[in-house]
Amino acid sequence: MADILYAEDEFTNRRLIQIHLERAKISCDLASDGEEAWEMFNKESYRLIILDQYMPGMNGDELARKIKAVDPDIPLIAITSDDTEAGSLKKAGFSEVFIKPLRGRDYIDTIVKYLKP
């Protein structure tokens, strides 16, 4: 079982974050769109979910609302390139909003904080 489910339609972004998470000893399942992430969420148990906002099939905010309806306590982190979306993403149930491009290690430190018991 992985600690995190990460949904991102851009392969390079998905792979880059996966590498950083692996270096931090965090296991991660990857989904390439919102529909796939929804299916994975319904089959597995995760401690944290990271969702890109703009994905084919189902955007991150729509998926967040569906996930929160099933598990209101699971922490969600949004990743978006549109910094004007932060307020609406918080309303959709995200605990944190990361703005692309991600730089440094701060975002990994934030993720680790949510995984601590």
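Our structure is the block above this text.
Procedures and definitions
- Residues numbered from 1 in each chain as written.
- Predicted model: local features only at pLDDT ≥ 70, side-chain atom pairs only at ≥ 80, totals over all residues.
- Heavy atoms only, no water.
- Pairing = 2+ DSSP bridges.
- Helix = DSSP H or I, 4+ residues; strand = E, 2+ residues; numbered from the N terminus.
- Right-handed = clockwise from strand over helix to strand, strands pointing away.
- Buried < 20%, exposed > 50% of the residue type's maximum accessible area, 1.4 Å probe, protein only.
- Contact = heavy atoms within 4.5 Å.
- Salt bridge = Lys/Arg side-chain N within 4 Å of Asp/Glu carboxyl O.

Remarks on the pairing of strand β5 (residues 96-99)
(1) Moving on: Across four bridges, the pairing between strand β4 (residues 76-80) and β5 is parallel. Each bridged residue has a counterpart across the sheet, and for I77 the counterpart in β5 is E96.
(2) Moving on: Taking the sense of rotation as the criterion, the β-α-β connection linking β4, helix α4 (residues 86-91) and β5 turns out right-handed.

Side note on the side chain of T110
(1) Moving on: With respect to the helices, strands and loops of the structure, T110 is situated in helix α5 (residues 106-115).
(2) Moving on: With a relative accessible area of 19%, T110 lands in the buried category.
(3) Moving on: Once residues within four sequence positions are removed from consideration, T110 is found in contact with E96 and F98.

Things to note about the pattern of salt bridges
(1) Moving on: Within the structure shown, the criterion is met by six salt bridges.
(2) Moving on: Salt-bridge contacts for R65 lead to D61; the nearest nitrogen and oxygen are separated by 3.7 Å. On the criterion of helical spacing, the pair formed by R65 and D61 is a turn pair, its members being four residues apart in helix α3 (residues 60-70).
(3) Moving on: Here E96 ties to K113 by a salt bridge, and the two come within 3.7 Å at their closest N and O atoms. With E96 in strand β5 and K113 in helix α5, this residue pair connects regions lying 17 residues apart in the sequence.
(4) Moving on: By sharing partners, the salt bridges in this structure join E8, D52 and K100 into a single network.

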